[in-house]
Amino acid sequence: MLTYQEARRAVVEEVARAKGPRVTANVSVWDALGFVLAEEVRTDREYPPFHRSTRDGYAVRAAELSARATLRCVAEIKAGDSVTQPLARDTCAQIMTGAAVPDGADAVVMIEHTNRDGDSVRFERVALPGQNIVPRGSEVKLGETILSAGARLGYAELALAAQVGATQLRCASKPRVAILSTGDEVIAIDQQPGAFQIRNSNSVSLAAQVRLAGGEPVLLGNAADRVDALREKISRGLLQDVLVLSGGVSMGKYDLVETVLKNMGAQFYFDAVAIRPGRPAVFGKCGDTFVFGLPGNPVSTMVTFELFVVPAIDLLNGTRARDLALVEARLGAPLNEKQGLAHFLPARVEWRGTTPEVKALPWQGSGDVAALAHANCYLVVAADRGQVSAGETVPILLRKDVI
Ligand code: AMP
Ligand code: MG
């Protein structure tokens, strides 16, 4: 049985190996959050486009203030004003944040450090050349590549693209991820469940996780635990880049997913991982489609998606598989878990001062979605640990969707 690190590596190796040419599309910068750039972005202007004042105050020649404390104010420059006149000797210009500093001026003195009487401005301190001015072109140069192919587009990247006129971005088309739940007990969420039926919450969490990871969910509903039903739905899933199944991969008599996939020509890279929850997770390939068979218990489904499906979506987007967002925290209450499996426990981290402190939440095991909905991280207990004392440092995997 692979460790979760080995299983992740297997996913990364197989998906990276099979990566063919990607389909790309132009995406408006307004809609491109979460996309991955397929082409670099170059600037159409330098930035800032002029020497920009970072303060409300007075533009001056710094050297003049070491000789005298008072200058005559001859102009007012606000953001957006065209500035063509150089600053005359022994004068200053009132200037606003974001405005262009006139030629000749080499410093801006904050208004708080001045006293004004009519046109006369008295300066309470000397100025250093360059203070409170961002020079033209100091942030980005004209024609410079500011975002490379493979960059994941978050809000700062989108703002940067917008600054330099890139309103349409060439992006990787999002990998299409088919989502298929399985189980005779599972019904659509808009139906009224019978006493022993379960609403299909996994398809909801999986669709959300696919979106967060940068994929496009394709909902296939639910397949009953029968070979014919599974074959029919799986064959539809195999039209997509990735097929994620939930349920039907354990050892029960009606856990048919792996067998059906095998009979449909799938090749498997692993069919169990040394983790709890999530041990029966399966990863393989059928035709050109990567297939993940995730256990149906909701928390297992969520954990195994984070660990194994996210890196596949990254690679199919043409970017590197992101690292797990593991950070260290101080354990707030002792733990006693079975050794041999790495545990991912629903937990809450809180920052008291700057030190994160984490506590596992009470839970009923891998079916307990309510516990995970109160969690903002998973507490990771290494397979060789078992007992961990309060005060020890432990790794936690952040739930980036809620933190
Ligand atoms: P399985 O992995 O098929 O043995 O399912 C394990 C547990 O997860 C069972 O209690 C199922 O009822 C539950 N389960 C399976 N599929 C879903 C689903 N799509 N949504 C919510 N719970 C599910
Ligand atoms: Mg089942």
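Our subject is the structure listed above.
All of these numbers come straight from a predicted model, not from anything done at the bench.

If you walk across this open sheet you meet the six strands as β16-β13-β17-β21-β20-β18, and the pairing is mixed. Edge positions in the sheet fall to β16 (216–223) and β18 (267–270), since each has one partner strand and no second. Strand after strand, the sheet turns through a mean of 20 degrees between neighbouring axes, direction not considered. Of the pairings in the sheet, the one linking strand β13 (residues 176–182) to strand β17 (residues 242–246) comprises five bridges and is parallel in character. By the bridge assignment for β17, Val177 is matched with Val242. Strands in contact with helix α1 (residues 4–18) are β18, β20 (282–286) and β21 (289–294); relative to β20, the strand with the most contacts, it is inclined by about 15 degrees. Each of β13, β17, β18 and β21 touches helix α7 (residues 298–316); the most contacted strand, β21, lies at about 170 degrees to it.

With that settled, consider the pattern of salt bridges. Within this structure, the stated rule accounts for 18 salt bridges. The salt bridge involving Lys78 is made with Asp81; its shortest N-O contact spans 3.3 Å. With a relative accessible area of 27%, Asp81 lands in the partly exposed category. The salt bridge partner of Glu357 is Arg352, with a shortest N-O separation of 3.9 Å. Residue classification places Glu357 among the buried positions, given a relative accessible area of 18%. Sharing partners across several salt bridges, the network here consists of Arg330, Arg348, Glu350, Arg352 and Glu357.

Before going further, it helps to examine the sheet that holds strand β7 (residues 107–110). An order of β7-β4-β6-β5-β9-β8 is seen for the six strands of this open sheet, with the pairing classed as mixed. Two strands close off the open sheet at either side, each with one partner strand: β7 and β8 (114–117). Recorded for the sheet is a direction-independent mean angle of 40 degrees between the axes of neighbouring strands. Pairing geometry for strand β5 (residues 70–77) and strand β9 (residues 120–123), over three bridges, is antiparallel. Each bridged residue has a counterpart across the sheet, and for Thr70 the counterpart in β9 is Arg122.

Basis of the calculations
Residues numbered from 1 in each chain as written. Chains lettered and ligands numbered in written order. Predicted model: local features only at pLDDT ≥ 70, side-chain atom pairs only at ≥ 80, totals over all residues. Heavy atoms only, no water. Pairing = 2+ DSSP bridges. Helix = DSSP H or I, 4+ residues; strand = E, 2+ residues; numbered from the N terminus. Axes fitted to C-alpha atoms, helices over the stretch in contact; angles between N-to-C directions. Contact = heavy atoms within 4.5 Å. Salt bridge = Lys/Arg side-chain N within 4 Å of Asp/Glu carboxyl O. Buried < 20%, exposed > 50% of the residue type's maximum accessible area, 1.4 Å probe, protein only.

Don't take any of this as a statement about function, it's just geometry.
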